[in-house]
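Tertiary structure, described
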Amino acid sequence: MFDLCVVGAGLAGSAAAKHASKFSRVCLVGPDEPNKKCSPDPNRDIYGGHYDEGRIYMQSTSDPVWAKLAQRSIPRYTDIEVESGIDIASEVGCLMIGNRGEDYITAVKDVAKKDRIGAKVLSGTAARSLFPFLSIPEDDEVVFEAQLAGYISPRRLVKAQITIAKKNGCQHVQEVARGISRVVRGDTDMVMEVTTDSGRRILAKKVLVATGAFTAFRNLLGNGVSPDTKLYPLAVTKLEISEEDAKKIRTMPSILYFGRGGKDWTQDFPVDPRTPVVFYMLPPIRYPDGKYYIKLGHSHDSIPKLLHTRQQMKQWFDHGPDARLTRQMADMILSVVQDIKVLSYHGDSCVVDVAPSNRPYIDKIHDQMGIAIGGNGYAAKSSDEIGRLAVELLMNGKWDIELPRSLFHVKLKSGYGTSCSKL
Ligand SMILES: Cc1cc2nc3c(=O)[nH]c(=O)nc-3n(C[C@H](O)[C@H](O)[C@H](O)COP(=O)(O)OP(=O)(O)OC[C@H]3O[C@@H](n4cnc5c(N)ncnc54)[C@H](O)[C@@H]3O)c2cc1C
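Report on the accompanying structure.

**A short note on the site of the ligand**
Neighbouring the ligand are 35 residues, the closest being Gly49, His50, Ile56, Ala177 and Cys350. Here an oxygen atom of the ligand sits 2.9 Å away from a polar atom, N or O, in the side chain of Lys381. Contact with the protein chains covers 96% of the free accessible surface of the ligand, which is 990 Å². At the level of elements, helix 1 (11-21), strand 3 (55-57) and strand 18 (344-354) are the ones that each hand at least two residues to the shell around the ligand. Of the residues that make up the shell around the ligand, three or more belong to each of domain 1 (2-51 + 155-227 + 357-420) and domain 2 (94-146 + 230-354).

**Topic: a nonpolar patch on the surface**
Taken together, the side chains of Leu334, Val342 and Tyr345 present a nonpolar region at the surface, about 220 Å² in accessible area. You can see Val342 is positioned in the loop between helix 9 (323-336) and strand 18. On the basis of relative accessibility, which here comes to 32%, the residue Val342 falls in the partly exposed class.

**Quick notes on the side chain of Glu240**
For Glu240, the position within the fold is in strand 14 (residues 230-241). For the buried Glu240, which has no salt bridge, the nearest side chain bearing the opposite charge is Lys291, at an N-O separation of 4.3 Å. Side chain to side chain, Glu240 and Ser344 meet in a polar contact 2.6 Å long. Contact partners of Glu240, with chain neighbours within four places excluded, come to Lys291, Tyr292, Tyr293, Lys341, Val342, Leu343 and Ser344.

**Quick notes on the state of the cysteines**
In total, this model carries 0 disulfides according to the counting rule given. Free of any disulfide, Cys94 has its nearest neighbouring cysteine sulfur in Cys350, separated by 18 Å.

**Notes on the nonpolar core**
Leu95, Leu134, Met252, Phe279, Met281, Ile294 and Val337 are the most contacted members of the largest nonpolar core, which totals 47 residues. Elements represented by at least two residues in this core include exactly strand 5 (94-99), strand 7 (140-145), strand 14, strand 15 (254-259), strand 16 (277-286), strand 17 (292-298), helix 8 (310-319) and helix 9. When residues in this core are grouped by element, the largest group, 6 residues, is from helix 9. Split by domain, this core shows at least three residues from each of two domains, domain 1 (2-51 + 155-227 + 357-420) and domain 2 (94-146 + 230-354). The residues contacting Leu134, other than those within four sequence positions of it, are Leu95, Arg128, Met252, Pro253, Ile255, Val336 and Val337. One finds Trp66, Ile162, Cys170 and Leu389 within the second-largest nonpolar core, a separate group that totals 45 residues.

**Structural notes on the sheet that holds strand 6 (residues 119-123)**
If you walk across this open sheet you meet the 8 strands as 6-7-5-15-16-17-14-18, and the pairing is mixed. This sheet does not close on itself; its edge strands, each paired only once, are strand 6 and strand 18. For this sheet, the mean angle separating the axes of adjacent strands, direction not counted, is 20°. The pairing of strand 6 with strand 7 spans 5 bridges and is classified as antiparallel.

**Some details on the packing of aromatic side chains**
In this structure the tally under the stated criterion is 15 aromatic pairs. Relative to Tyr77, the ring of Tyr57 has its centre 5.1 Å away and its plane inclined at 80°; by these criteria the two rings are edge-to-face. Taken as a pair, Tyr57 in strand 3 and Tyr77 in helix 3 (residues 77-84) lie far apart in primary sequence, 20 residues in all. The same class applies to Tyr57 and to Tyr77, which are both buried. In this structure an aromatic cluster arises from ring pairing among Tyr47, Phe214, Phe217 and Phe317. Cation over ring: Arg44 sits above Tyr47, and NZ or CZ is 5.6 Å from the ring centre.

**Overview of the pattern of salt bridges**
Throughout the structure, instances matching the rule amount to 36 salt bridges. A salt bridge links Glu385 to Arg76; the nearest nitrogen and oxygen atoms lie 2.6 Å apart. Taken together, the positions of Glu385 in helix 10 (residues 383-396) and Arg76 in the loop between helix 2 (64-73) and helix 3 put the pair 309 residues apart, joining distant regions of the chain. On the basis of relative accessible area, Arg76 is assigned to the partly exposed category, the value being 22%. A salt bridge links Glu392 to Lys398; the shortest N-O distance between them is 3.7 Å. Assessed through its relative accessible area of 12%, Glu392 is described here as buried. In the salt-bridge network here, residues are joined through shared partners; they are Lys18, Lys68, Arg72, Arg76, Asp115, Asp384, Glu385, Arg388, Asp400 and Glu402.

**Examining the environment of Val183**
For Val183, the location among the structural elements is in strand 10 (residues 177-185). You can call Val183 partly exposed: its relative accessible area is 25%. Separated by 10 residues in the primary sequence, Val183 and Glu193 place their C-alpha atoms 6.7 Å from one another. With residues near it in sequence (within four places) discarded, Val183 still touches Asp189, Met190, Val191, Glu193 and Leu203.

**Description of the sheet that holds strand 4 (residues 89-90)**
Reading across from one edge, 3-8-4 is the order of the 3 strands in this open sheet, with antiparallel pairing throughout. With one partner strand each, in any of the chains shown, strand 3 and strand 4 form the two edges of the open sheet. Relative to strand 8 (residues 150-152), strand 4 is paired through 2 bridges, and the arrangement is antiparallel. Each bridged residue has a counterpart across the sheet, and for Ala89 the counterpart in strand 8 is Ile152.

Reading the values: rules and limits
- Residues numbered from 1 in each chain as written.
- Predicted model: local features only at pLDDT ≥ 70, side-chain atom pairs only at ≥ 80, totals over all residues.
- Heavy atoms only, no water.
- Near = heavy atom within 4 Å.
- Polar contact = N/O pair within 3.5 Å; in protein donor to acceptor, adjacent residues only side chain to side chain.
- Areas by Shrake-Rupley, 256 points an atom, 1.4 Å probe, with all protein chains shown as cover.
- Helix = DSSP H or I, 4+ residues; strand = E, 2+ residues; numbered from the N terminus.
- Domains from an automatic or database assignment.
- Patch = residues over 30% accessible without salt bridge, like charges linked within 9 Å, V, L, I, M, F, W, Y side chains within 5 Å.
- Salt bridge = Lys/Arg side-chain N within 4 Å of Asp/Glu carboxyl O.
- Buried < 20%, exposed > 50% of the residue type's maximum accessible area, 1.4 Å probe, protein only.
- Lys, Arg positive; Asp, Glu negative; His and termini not counted.
- Contact = heavy atoms within 4.5 Å.
- Disulfide = S-S within 2.5 Å.
- Core = buried A, V, L, I, M, F, W, Y, C linked by side-chain atoms within 4.5 Å.
- Pairing = 2+ DSSP bridges.
- Axes fitted to C-alpha atoms, helices over the stretch in contact; angles between N-to-C directions.
- Phe/Tyr/Trp six-rings, centres within 6.5 Å; stacked < 30°, edge-to-face > 60°.
- Lys NZ or Arg CZ within 6 Å of the ring centre and 35° of its normal.

Here's what the structure looks like:
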């Protein structure tokens, strides 16, 4: 019997397995990334949010809680790289850009100042002179983090965490968990039983559910019980450029934009004219196919299209965004990054699980079951700390971060829209 079974081998789950395996016998249950080169597998309906090479990291964000989680995780990237032998981070820096004086950029500046992040506050004009190949609106304000900021490969981070966990004796079962239940063993002992889709049964003293956006689609939290999260389909466009162009703009940092946009930027972007233009962009990254892609993503189009069922999730992961949305995002990349030649572009899809609080759920369902989900689209950079906090709480009853535990309490629902208290 294991001390802990972590269900979900994604960013939070692999981090949790690593941390718990330092002091206990751990089993990690979760499937690998599907091979997208093959046509969609008709039997596969569970996916993850880590099937990519680029997730932005930086220490100051507009939300001080997410900032704290990031500040705890990011300095540990080097240890993860050394312990696993796998590179995960590219410290290219991060630009956070917004309309001067408005809420987003003011909140970022406040966090950077309060948490003493070594960030520079620049005018749009000054930022443009640092990165002349970027069309940064001159009137905007920019927070530039040059150190401990850039992008990580979520794929490689998961691989690195699992490598370390396995070195510590963790067993990885690459299967989907069908159900979790509490069973009686002997006369009085209650243990947790995880059953996989293939019928395998795994016994553990405790279970941590880290199944991200797919938590509701198996019987993990109890009959008909699901987390109170909304599932947003996120579209991205990856625009291919030549190695030569990638070298030409090699100093390009990651970008988060929240503002009115540049006067010369494309106007054909799916945004309500009353709301700001919001997107994130990653610098050229070499993908496993050997090609360089600049990636842009946003959520403007996802709000009216929330996903509710397993079939909708599968359809979105298998088929991705429509061609028009993909082209609009490619045009936005070309509005911002100047003088690059497009070789090709394509769309990709992902789903984020968003809690009403916009913060992750890191909590106990009961004494033998913990939960670490609700990435809200921000959790990749902070997943090491999220996994660690969940393990400390469930296994050792400790909460050792200077943020109130109540911020992370889980909300469950039975069926759609009906709130219910913890089991
Ligand atoms: C397009 C996009 C861009 C993003 N950009 C950023 C960014 O720039 N910076 C950032 O910090 N974050 C970013 N994020 C968010 C980040 O990727 C997610 O918050 C993060 O992946 C959440 O981690 P997780 O472990 O909760 O879920 P996941 O990474 O999705 O992992 C969940 C795992 O559980 C597995 N699973 C599910 N159900 C079962 C089951 N029944 N049995 C076994 N296993 C199961 C899944 O297969 C998966 O491997 C982005 C997300 C998307 C979609």
